[in-house]
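Close look at the chain arrangement
One letter stands for each residue in the lines below.
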Amino acid sequence: MNKFASALAVSAAMIFVQTSASQAEEGTSTLQTVKDRGSVSCVIGNSFPGFYSLNKEGEWQGMDIDMCRGVAAAVFGDAGKVNFLPVQWAQSFTTIKSGKGDILSKGMTWTLSRDVSQGLDFLDTYFYDGQGFMVRKDLGVTSVKELKGATVCVLTGTSSELNLADYSRTYGLDLKTVVFDDSAVRNTAFFNDNCDALTNDKSGLAAQRSAAPNPADYVVLPETISKEALSFAVKQNDSEWANVVKWTFQAMVAAEEYGITSENVDDMRANSESPIIRRILGVEGDLHVGLGLPQDWAYQVIKNVGNYGEIYERNVGPDSILGLDREGTLNALWQDGGLMYAKSFR
């Protein structure tokens, strides 16, 4: 019995060691992988002006791009240490789950089913939006409810497709969907009059209208039929990396709340007597330790990329290609009636 018990104990110990080694391998921190690689891999889409698109110099720009650049600045002190992976909608989730991408930042709506069944953890909402409809002005339509029996271009596999079906059913509109798996093909089909309407998040409609051959020929209808919380996500159950990503965003929002900009951040860091600002900028305290980042990580985010307001204005604000007012919207800071609210740096 003693020999049998001894052999059983050795066997159990070997199984435990093998299992632990396997779990350790599977549980390798994304943060360490990113540090070893020397860059952040950011999963985006092909083109969504204002959020991710190529400029004339062949460089990616937009809100989603700046979110990823901010994470690179936090980890490396260099916003340029990021690789962008444009993928079709259907590949968005698998690219993160497979480890090919570190952050999913592509105008993705945070939904329950995506959160619990796609192997992702959604972190923060960086843009509050809602689904709408765009039609040709000469159609003479002023409300979605006048589109009974109409054909609608929509991207397949998206919340927009599901919301459209719900709305049509609720109001008995009998809307006919024309589905696409490529947003560029969908847009072309609409502008070629292959659909009566195009549905998307309203920020997306603004982007698509701006790219039309003659934007004045199209109008976005007044109804907003859904709540679309555009959020970034990371691979599930990697809290260390999730903390880095979400606190990078919190630093952007906190910076705007406390009046810290990319232009004055050096002066603030050198001269501010506010204990909160000094903690945010890494002048005092040790908040960086729990994140596994350099002490000046938030300073680097703000210096290299800017605060949330700066990012909003240059990418989607009134003077941008989208021309979206922020005042009075959910994307305003909390003290201005919006939902942008930085968590405590303490």
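Residues numbered from 1 in each chain as written. Predicted model: local features only at pLDDT ≥ 70, side-chain atom pairs only at ≥ 80, totals over all residues. Heavy atoms only, no water.

This part covers the nonpolar core. Counting 62 residues, the largest nonpolar core has F51, M63 and W241 as the members making the most contacts within it. Considering every element that reaches this core, the biggest residue donor is helix α9 (residues 239–257), with 10 residues. Once residues lying within four places of it in the same chain are set aside, the contact partners of F51 are Q61, G62, M63, D64, I65, Y126, F127, S203, L230, V316 and L322. Of all hydrophobic cores here, the second largest spans 15 residues; its members include F133, V135, V144 and L147. (Core = buried A, V, L, I, M, F, W, Y, C linked by side-chain atoms within 4.5 Å. Buried < 20%, exposed > 50% of the residue type's maximum accessible area, 1.4 Å probe, protein only. Helix = DSSP H or I, 4+ residues; strand = E, 2+ residues; numbered from the N terminus. Contact = heavy atoms within 4.5 Å.)

Summed over all chains, the structure comprises 9 salt bridges. Across the pair R326 and E256 runs a salt bridge, and its minimum N-O distance is 2.7 Å. A residue pair is termed long-range when its members are at least 10 positions apart, and R326 in the segment after α14 (308–315) and E256 in helix α9 qualify at 70 residues. Each member of the pair, R326 as well as E256, is classed as buried. Here D266 ties to K303 by a salt bridge, and the two come within 2.6 Å at their closest N and O atoms. You can see D266 sitting in helix α10 (residues 265–271) and its partner K303 sitting in helix α13 (residues 297–304), a full 37 residues away along the chain. (Salt bridge = Lys/Arg side-chain N within 4 Å of Asp/Glu carboxyl O.)

Here the UniProt feature "domain: Solute-binding protein family 3/N-terminal" (unreviewed entry) sits at residues 39–268. End C-alpha to end C-alpha, residues 39–268 measures 28 Å, and it is 35% helix and 25% strand. (UniProt positions renumbered as here; feature names shortened; annotations may be inferred.)

This brings us to the state of the cysteines. As enumerated under the stated definition, the model contains 2 disulfides in all. Through a disulfide, C42 is tied to C68; the S-S separation comes to 1.9 Å. Between C42 and C68, the S-S torsion sits near 45°, and that sign places the bridge as right-handed. Of this pair, C42 sits in strand β1 (residues 40–44) while C68 is found in helix α3 (residues 63–76), placing the two residues 26 residues apart along the sequence. Each sulfur in the disulfide pair C153 and C195 lies 1.8 Å from the other. For the disulfide bridge between C153 and C195, the dihedral angle about the S-S bond is near 70°, and by the sign convention the bridge is right-handed. Taken together, the residues C153 in strand β8 (residues 151–155) and C195 in the loop between α7 (183–191) and β10 (197–201) connect sequence positions 42 residues apart. Among the residues examined, C153 registers a relative accessible area of 0% and is labelled buried. In the chain, numbering the disulfide-bonded cysteines from first to last in sequence yields the connectivity 1-2, 3-4. (Disulfide = S-S within 2.5 Å.)

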